[in-house]
Amino acid sequence: MGKMELDLSSFWGPFTPNRHFKSAPRILASAKDMHYTTDDGRQLLDGTSGLWCVSAGHCRQRIVDAVKAQLDTLDFAPSFQVSHPGPFMAAQRIAELAPGDLNKVFFTNSGSEAVDTALKIALAYWRARGEGHRNVFIGRERAYHGVGFGGISVGGMVGNRKVFGSLLPRVDHLRHTFDIEHHAYCKGEPEWGAHLADELEQRIIPLHDASNIAAVIVEPVMGSTGALIPPRGYLKRLREICDKYGLLLIFDEVITGFGRLGKPFASQYFDVIPDLFTFAKSVNNATVPMGGVVVRDGIYEACMQGPEHVVELMHGYTYSGHPLAAAATLATQDLYREEDLFNRAAEMGKYLEAGIHSLKGLPNVISIRNIGMIGGVEVAPRPGAPGKRGYEIFLDCFWNQGVLTRVSGDIVVFAPPFIAQRKHIDQMIDALGKSLRTVQ
Ligand code: PLP
């Protein structure tokens, strides 16, 4: 394939250093299973499931066929006042996978919308219960909850917040759980740090008073900030404190949902059940944008108030439950089940664990951690240039090693599709090892 001639001037790339990118663009032209093909015809092993989302591998025929068939039948139908079978069927499949009485599904088109929707449902729920004064949200430092104003308010990645003004007014943050002294080289959940959850009870609740707090929102595993794994017992402790003081607990499962940890959801992996959780990536293998929020029956029922002809929750998106997204969801969920891909992720995650920890001792490596099909390697930042070494490793992997990684500051992350074979994991680890030796 010849290199594509592209005019790069109009597209403003998201979360991309645009000037640098446009000086040497990295263009992906096609994809199949574990690989992308670049516009100059190179094979690139996908070590990141696209962006944590193509978990069943690329261009899977079953999903492609389902979307094409849907397109021949019903291109679009709104779900405001009318609807079509897709979202009902997709919601049922998701509710079947979800734990406990988390049975009601509200569809969005992205993780960011899912987070903002979850926050709004929490507020609507308390108001329906006659406790509308509960409007303080508790997030966490280093959290990534997407880029809506709600998400960046409860989020804690400084760069995502600092130029965007005053955000939501009533938000506080727990400290993050990473501690390099105790967590530098951790396989799975670190043993140290469950007590960090006590800050909720000891500092945050006394400061705001429990009666004002709507919800606590956390990612069970922090992904975008660079694979921070919760200390063993930490999430359970958060749940206990939320129960003790009557606070809603929201899990942001946008990256952990649908098998990333080897279970349908992280809540099942950690055996901690939230009141609401978000999902997006992997729900339909990223074929058509879709996200959503799953809520406990009681939350939905509390909101079902007022005259029957009046909308109970004044919220929704034109494309909530889009026919193509729903069709892709059903086909993806079939694939997960038939190919037993969640168990496969659990198995291959162990292999990834062994591989990634073999990089200990390579130049500049200061921490390695993993859980399920997630592995992160942190390198020491260059003095005065945080993120530069990580970015250069990403570039070296892309241009010279033929592997797509994801980089967050100076942390290089793998989150491979669940269909990865041992040889693919070997290739990723080998590539990163070479880049670590090359980029000093
Ligand atoms: N929440 C979490 C935990 C995420 O990791 C992400 C994306 O990486 C989002 C929300 C935002 O999702 P989206 O980019 O689909 O808006």
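Given the structure is predicted, the values throughout are model-derived calculations rather than measurements.

## Topic: the domain arrangement of the protein chain
Assigned domains within the protein chain: domain 1 (18–56 + 340–438) and domain 2 (65–338). Inter-centroid distance (C-alpha atoms) of domain 1 to domain 2 is 26 Å. Counting from both sides, the interface comprises 33 residues of domain 1 and, opposite them, 30 residues of domain 2. Elements that contribute at least two residues to the side of domain 1 that touches domain 2 include exactly helix H2 (49–52), helix H14 (341–357), strand E12 (365–371), strand E13 (374–379) and strand E16 (411–414). The biggest single contributor to the side of domain 1 that touches domain 2 is H14, with 8 residues. Class assignment of the residues belonging to the side of domain 1 that touches domain 2 gives a composition of 17 nonpolar, 12 polar and 4 charged.

## Let's talk about the sheet that holds strand E10 (residues 276–279)
Sheet architecture is open: 7 strands sit in the order E4-E11-E10-E9-E8-E5-E6, paired in mixed fashion. Two strands close off the open sheet at either side, each with one partner strand: strand E4 (102–108) and strand E6 (171–174). Adjacent strand axes in the sheet meet at a mean angle of 20 degrees, parallel and antiparallel pairs treated alike. The sheet contact formed by strand E9 (residues 248–252) and E10 spans 3 bridges and is parallel. Pairing of Phe251 across the sheet is with Phe277, part of E10.

## Regarding unusual backbone geometry
Look at Ser282: it is not a glycine, yet its phi comes out positive at around 75 degrees. Among the secondary structure elements, Ser282 is positioned in the loop between E10 and strand E11 (291–296). Ser282 sits in the buried class, given 28 other C-beta atoms within 10 Å. Residue Asn285 is not a glycine yet carries a positive backbone phi of 65 degrees. Mapping Asn285 onto the fold places it in the loop between E10 and E11. By the C-beta count within 10 Å, which is 28 here, Asn285 ends up buried.

## A word on the pairing of strand E2 (residues 35–38)
The alternating pattern of E2 places Tyr36 and Thr38 on a buried face, while none of His35 and Thr37, on the opposite face, is buried. In terms of strand pairing, strand E1 (residues 28–32) meets E2 through 4 bridges, oriented antiparallel. Counterpart to Ala31 in the pairing with E2 is Tyr36. Hairpin remark: E1 followed by E2, antiparallel, with 2 residues in the connecting loop; positive phi at Asp33, about 55 degrees. Relative to strand E3 (residues 43–46), E2 is paired through 3 bridges, and the arrangement is antiparallel. Opposite His35, over in E3, you have Leu45 as the bridge partner. With antiparallel pairing between neighbouring strands as the criterion, E2 and E3 make up a hairpin whose turn holds 4 residues, including Gly41 at a positive phi of roughly 85 degrees.

## As for the packing of helix H9 (residues 198–208) against helix H10 (residues 234–245)
Two elements in contact, H9 and H10, have axes separated by 8 Å at closest approach and are oriented at 45 degrees. As far as their axial angle goes, H10 and H9 are oblique. Here Asp198, Leu200, Glu201 and Ile205 of H9 lie close against H10, whose contacting residues are Arg237, Leu238, Ile241 and Tyr245. Of the residues that constitute the contact of H9 with H10, the class distribution is 5 nonpolar, no polar and 3 charged.

## Let's talk about the environment of Thr38
Positionally, Thr38 belongs in strand E2. Looking at Thr38, the number of C-beta atoms within 10 Å reads 21, which means it is buried. Considering only alpha carbons, one finds Thr38 and Ala66, 28 residues apart in sequence, at a separation of 26 Å. Non-local contacts of Thr38, meaning those with residues more than four positions away in its chain, are made with Ile27, Leu28, Ala29 and Leu44.

## Here we look at the environment of Gly259
Relative to the elements of secondary structure, Gly259 occurs in the loop between E9 and helix H11 (266–270). Each C-alpha atom, one on Gly259 and one on Leu341, is 7.4 Å from the other, the two residues being 82 residues apart in sequence. Not counting chain neighbours up to four residues away, the residues in contact with Gly259 comprise Ser55, Pro264, Ser282, Tyr336, Leu341, Phe342, Ala345 and Phe418.

## Considering helix H4 (residues 85–97)
Helix length check: H4, at 13 residues, gives a terminal C-alpha distance of 19 Å against a target of 18 Å (1.5 Å per residue), a fit within 8%. Every buried residue belonging to H4 is among Gly86, Pro87, Ala90, Ala91, Ile94 and Leu97, and all of these are buried. Looking straight down H4, one finds that the buried residues subtend no more than 120 degrees of arc, so they occupy a single side. What points out from H4, more than 90 degrees from its buried face, is the exposed set Gln92 and Glu96. Of the surrounding elements, those touching the buried residues of H4 are E4, E11 and helix H13 (323–338).

Rules and cut-offs
Residues numbered from 1 in each chain as written. Predicted model: local features only at pLDDT ≥ 70, side-chain atom pairs only at ≥ 80, totals over all residues. Domains from an automatic or database assignment. Contact = placed C-beta atoms within 7 Å. Helix = DSSP H or I, 4+ residues; strand = E, 2+ residues; numbered from the N terminus. Nonpolar A, V, L, I, M, F, W, Y, C, P; charged D, E, K, R; others polar. Pairing = 2+ DSSP bridges. Axes fitted to C-alpha atoms, helices over the stretch in contact; angles between N-to-C directions. Buried ≥ 20, exposed ≤ 12 C-beta atoms within 10 Å, placed from the backbone. Parallel < 35°, antiparallel > 145°, perpendicular 65-115°, else oblique. Expected span 1.5 Å × (residues − 1). Arc of directions from axis to C-beta.

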